[in-house]
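Understanding the architecture of this molecule
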Amino acid sequence: MAAFDEVRQLKKEHPRSLTMCGHVGFESLPDQLVDRSIQQGFCFNILCVGETGIGKSTLINTLFNTNFEELESSHFCPCVRLRAQTYELQESNVRLKLTVVNTVGFGDQINKEESYQPIVDYIDDQFEAYLQEELKIKRALFNYHDSRIHVCLYFIAPTGHSLRTLDLLTMKSLDSKVNIIPLIAKADTISKSELQKFKMKLMSELVINGVQIYQFPTDDDTTAKINGAMNGHLPFAVVGSMDEIQVGNKMVKARQYPWGIVQVENENHCDFVKLREMLICTNMEDLREQTHARHYELYRRCKLEEMGFADVGPENKPLSFRPNSSTLKESTRKRE
């Protein structure tokens, strides 16, 4: 019997490979998935963490080439608040529901001890909402607006020195809950040589303090080379601007200073193009998958264990929701 079970297990693990005699048609499955995804549309949720006035809204406008409506934030907020705004975008025939969550008043308080807690609570609240929808008897996940945060753009002030304690505490509190991409904001205010030293110092501090930032995946042959190279450029030094200035014979997005022009999309001036390519064009779907398969699964597992759920019973056997015979008899007796 044991030998029979072993053979059956081997057959499951190593199915036979057969050559078909003619065309069947399941090669069109990828096209079917694409068509269905386009019909449903996509959602992408970005959390922008950084102090007031560091350029969060400007960068988001520049990334999506759209002037989003944004309320001005005060520097005198008594506590940190999170403000979420959702927009419907369309490019060609692809629809994207984009949610941008801004941290209002982050780092403005004298006592910054609990500045990161509202951010942690907000991320957990979105996980909890999705979990509650999953646990419903009558679920509607097909039409459910997924508000889970897919990426956290963490804006670092271009001081040229080191990370603030608040930055380290916040990123350490978030790294198990969200994909973090650190950015050096307003990178045009620091020289090139200082910028490279600053990048190296920041990455060293993150490693020493055990902060896990998002690494662009290198397991896919089509993107492994570019993603591996881009991991070496983190944190990205970015500049945002929706102002267009004529340079030569063309208009470019740039910031103009008395001493010259900083072109946003010039890779010699900043890493904006690298960020846009990695965030939107190459790895947006991986960020969505990592959110569901890694961060949400960790939250879900912890919550279900707290509720008393387990994968195995007292005798180390898999649990089943199917009622046994005695339970069925008792249920029938009560109905009678």
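Just above, that's the structure.
In what follows, the accompanying structure is described. (Residues numbered from 1 in each chain as written. Predicted model: local features only at pLDDT ≥ 70, side-chain atom pairs only at ≥ 80, totals over all residues. Heavy atoms only, no water.)

Moving on: the overall build of the protein. Counting secondary structure elements, the protein contains 10 helices and nine strands. Taken over 336 residues, the protein has a buried fraction of 38%. Long-range contacts, defined here as pairs at least 24 residues apart, represent 68% of the contacts in the protein between residues at least 6 apart. Carbon and sulfur atoms make up 52% of the accessible area of the protein, which totals about 21200 Å². (Helix = DSSP H or I, 4+ residues; strand = E, 2+ residues; numbered from the N terminus. Buried < 20%, exposed > 50% of the residue type's maximum accessible area, 1.4 Å probe, protein only. Contact = heavy atoms within 4.5 Å. Areas by Shrake-Rupley, 256 points an atom, 1.4 Å probe, with all protein chains shown as cover.)

So, about helix 2 (residues 29-40). Helix length check: helix 2 (12 residues) gives 17 Å between terminal C-alpha atoms against 16 Å at 1.5 Å per residue, within 8%. Among the residues trailing helix 2, glycine 41 stands out with phi positive, at a value near 85°. (Expected span 1.5 Å × (residues − 1).)

Quick look at unusual backbone geometry now. That bond from leucine 234 to proline 235 is cis: its omega, -10°, falls within 30 degrees of zero. Relative to the elements of secondary structure, proline 235 occurs in the loop between helix 7 (224-231) and strand 6 (236-237). The residue asparagine 65 is not glycine, and still its phi comes out positive at about 55°. By the secondary structure assignment, asparagine 65 is in the loop between helix 3 (56-64) and strand 2 (81-91). Residue lysine 186 is not a glycine yet carries a positive backbone phi of 45°. Inspection of the secondary structure puts lysine 186 in the loop between strand 5 (180-184) and helix 6 (192-208). Residue lysine 186 is classed as partly exposed on the basis of its relative accessible area of 39%.

Time to look at the packing of helix 3 against helix 8 (residues 272-282). The N-to-C vectors of helix 3 and helix 8 enclose an angle of 70°; their axes lie 11 Å apart at closest approach. For the element pair helix 3 / helix 8, the angle class is roughly perpendicular. Relative to helix 8, the crossing made by helix 3 is right-handed. Between helix 3 and helix 8, the contacting residues are Leu59, Thr62, Leu63 and Phe64 on the first element and Phe272, Leu275, Arg276, Leu279 and Ile280 on the second. Taken together, the residues of the contact of helix 3 with helix 8 sort by class into seven nonpolar, one polar and one charged. (Axes fitted to C-alpha atoms, helices over the stretch in contact; angles between N-to-C directions. Parallel < 35°, antiparallel > 145°, perpendicular 65-115°, else oblique. Left-handed = near helix turned anticlockwise from the far one by under 90°. Nonpolar A, V, L, I, M, F, W, Y, C, P; charged D, E, K, R; others polar.)

So, on to the sheet that holds strand 7 (residues 244-247). Spatial ordering of the open sheet is given by 7-8-9, a layout of three strands whose pairing is antiparallel. Strands with a single pairing partner mark the edges of an open sheet, and in this sheet they are strand 7 and strand 9 (260-263). Direction aside, neighbouring strands of the sheet carry axes that sit 65° apart on average. (Pairing = 2+ DSSP bridges.)

Before going further, it helps to spend a moment on the pairing of strand 7. As paired elements, strand 7 and strand 8 (residues 250-257) share four bridges and run antiparallel to each other. From the neighbouring strand, isoleucine 245 faces strand 8, where its bridge partner is valine 252.

On to the pattern of salt bridges, then. Tallying each qualifying case throughout the model produces 16 salt bridges. Salt-bridge contacts for arginine 148 lead to aspartate 146; the nearest nitrogen and oxygen are separated by 2.7 Å. In this structure, arginine 148 and aspartate 146 share a single accessibility class: buried. When the shortest N-O distance is used, the salt bridge between arginine 255 and aspartate 188 registers 3.9 Å. Of this pair, arginine 255 sits in strand 8 while aspartate 188 is found in the loop between strand 5 and helix 6, placing the two residues 67 residues apart along the sequence. Residues participating in the shared-partner salt-bridge network are Lys199, Glu267, Asp271 and Lys274. (Salt bridge = Lys/Arg side-chain N within 4 Å of Asp/Glu carboxyl O.)

An ideal rise of 1.5 Å per residue puts 24 Å on 17 residues; helix 6 measures up with 25 Å between its terminal C-alpha atoms. Along helix 6, the positions that sit buried rather than exposed are Leu195, Phe198, Lys199, Leu202, Glu205 and Leu206. Buried residues in helix 6, looked at end-on, bunch into an arc of 135°, giving them a common side. Residues Lys197, Met200, Val207 and Ile208 are exposed on helix 6 and point more than 90 degrees away from its buried face. Buried-residue contacts for helix 6 involve strand 4 (151-156), helix 5 (165-174), strand 5 and strand 6. Of the residues flanking the end of helix 6, it is glycine 210, one or two places downstream, whose phi is positive at about 70°. (Arc of directions from axis to C-beta.)

Across all of its chains, the model carries 10 aromatic pairs by this definition. Each ring, one from phenylalanine 106 and one from tyrosine 154, has its centre 6.4 Å from the other, and the planes form 90°; the classification is edge-to-face. Of this pair, phenylalanine 106 sits in the loop between strand 3 (94-104) and helix 4 (117-135) while tyrosine 154 sits in strand 4; the two residues are 48 residues apart in sequence, bridging distant segments of the chain. Ring geometry for phenylalanine 216 against phenylalanine 236: centres 6.0 Å apart, planes inclined by 25°, an arrangement best described as stacked. Of this pair, phenylalanine 216 sits in the loop between helix 6 and helix 7 while phenylalanine 236 sits in strand 6, and the two are 20 residues apart along the sequence. Comparing phenylalanine 216 with phenylalanine 236, the two get one shared label, buried. Counting every residue linked through ring pairs, the aromatic cluster contains Phe127, Tyr130, Tyr144, Tyr296 and Tyr299. Over the ring of tyrosine 130 we find arginine 148; its NZ or CZ atom is 3.7 Å from the centre of that ring. Sitting over the ring of tyrosine 296, arginine 148 keeps its end group 4.8 Å from the ring centre. (Phe/Tyr/Trp six-rings, centres within 6.5 Å; stacked < 30°, edge-to-face > 60°. Lys NZ or Arg CZ within 6 Å of the ring centre and 35° of its normal.)

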